[in-house]
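# Structural overview for review
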Amino acid sequence: MKDWDFAGLAIADAVRAPWLDSFFLAITWLGSLAVLLPLALLVWWQQGDRKAGFVALALISSSALVHAVKLIAVRPRPEFFPPLIEMPGDASFPSAHAMQATAFALAWLMQPGKSPGIVESAILLSVVALVGMSRLYLQVHFPSDVVVGVIFAALWVLFLRKLLAWRGVNSET
C-alpha cells in the first residue's frame, strides 16, 4: 500500500501547474461540509418532505462516521511532497472530503422516489472524482485515504437507503 500511496502522490506532484493549483483549490470545497451541509439543508427545506431529508441524513451521519474512524485510525498526513494548503489538523484516514462528497452525491441520486438521469448522475459522480483528485493534488491525503472514504460512503448510503424507516417513503419495493 505504501508504494501505491507514494506513487499516487508523486504523480500529483509531477503534474502541478498554476492553473491546476487554482482549479483544485476551488474544487476541493465541493467536498467540504461548509458547502454540502447548507446545500443539503436547502434542498430539504425547499422540497419540504421526508424524502429530501435523506440527503441531509446521509451527509451528516457520514461526516460523523468519518471523523469517528479518524479518531480510531490516527493515520498521519502525507509528508512526501509540499502541500498546497495548510495541512488539516485531523488524521488523514479516511478522507472526509471524499466521503462527504460521495455520501451527498449517492444520497442525492438514491433519494426515495427519485429517478436521476444520466447527465445528473455523470455530473455528481464527476464531482466526487474531482474532489478525490483534489485531495491528492493538494497533497493532504494518501490515495488509499480517498478510495476508502469513497467506499465507506457508498456502503453507508446503501445501508441507510435500506433502513426500514425509508421504506414508508420509498416508491420501490
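Scroll up to find the structure this text is about.
Now for a look at the structure at hand. (Residues numbered from 1 in each chain as written. Predicted model: local features only at pLDDT ≥ 70, side-chain atom pairs only at ≥ 80, totals over all residues. Heavy atoms only, no water.)

### What about the overall build of the protein?
A tally of regular secondary structure across the protein gives eight helices and zero strands. Traced from its N-terminal end to its C-terminal end, the protein shows the element sequence α-α-α-α-α-α-α-α. Dimensions along the principal axes, computed over C-alpha positions, put the protein at roughly 50 × 35 × 25 Å. Looking at the protein as a whole, 45% of its 173 residues qualify as buried. Sequence separation of 24 or more characterises 78% of the internal contacts of the protein that already satisfy a separation of 6 or more. Carbon and sulfur atoms form 73% of the exposed surface of the protein, whose accessible area is close to 9,000 Å². (Helix = DSSP H or I, 4+ residues; strand = E, 2+ residues; numbered from the N terminus. Buried < 20%, exposed > 50% of the residue type's maximum accessible area, 1.4 Å probe, protein only. Contact = heavy atoms within 4.5 Å. Areas by Shrake-Rupley, 256 points an atom, 1.4 Å probe, with all protein chains shown as cover.)

### Quick notes on the environment of Tyr137
By the element assignment, Tyr137 lies in helix H6 (residues 118-137). Taking the C-alpha atoms as reference, Tyr137 lies 21 Å from Lys70; in sequence the two are 67 residues apart. In contact with Tyr137, not counting residues within four places along its chain, are Ala12, Val15, Arg16, Ala17, Leu20, Asp21, Phe24 and Leu84.

### Here we look at the nonpolar core
Membership of the largest hydrophobic core comes to 27 residues, with the highest contact counts inside it found for Ala40, Val55, Phe104, Ala107, Trp108 and Val157. Mapped onto this core, the elements with two or more residues apiece are helix H3 (33-47), helix H4 (53-73), helix H5 (96-109), H6 and helix H7 (143-162). For this core, the leading source of residues is H5, giving 10 residues. When sequence neighbours within four positions are dropped, the list of residues in contact with Phe104 reads Leu36, Leu39, Ala40, Val55 and Leu59. (Core = buried A, V, L, I, M, F, W, Y, C linked by side-chain atoms within 4.5 Å.)

### Remarks on the packing of H5 against H7
Packed helices, taken two at a time, are described by the angle between their axes plus the distance between the axes. Between H5 and H7, the shortest axis-to-axis distance is 8 Å and the interhelical angle comes to 35°. The way H5 lies across H7 gives a crossing that is right-handed. Of the residues in H7, those in contact with Ala98, Met99, Thr102, Ala103, Leu106 and Ala107 of H5 are Val146, Gly149, Val150, Phe152, Ala153, Ala154 and Val157. In the contact of H5 with H7, the residues fall into 11 nonpolar, two polar and no charged. (Axes fitted to C-alpha atoms, helices over the stretch in contact; angles between N-to-C directions. Left-handed = near helix turned anticlockwise from the far one by under 90°. Nonpolar A, V, L, I, M, F, W, Y, C, P; charged D, E, K, R; others polar.)

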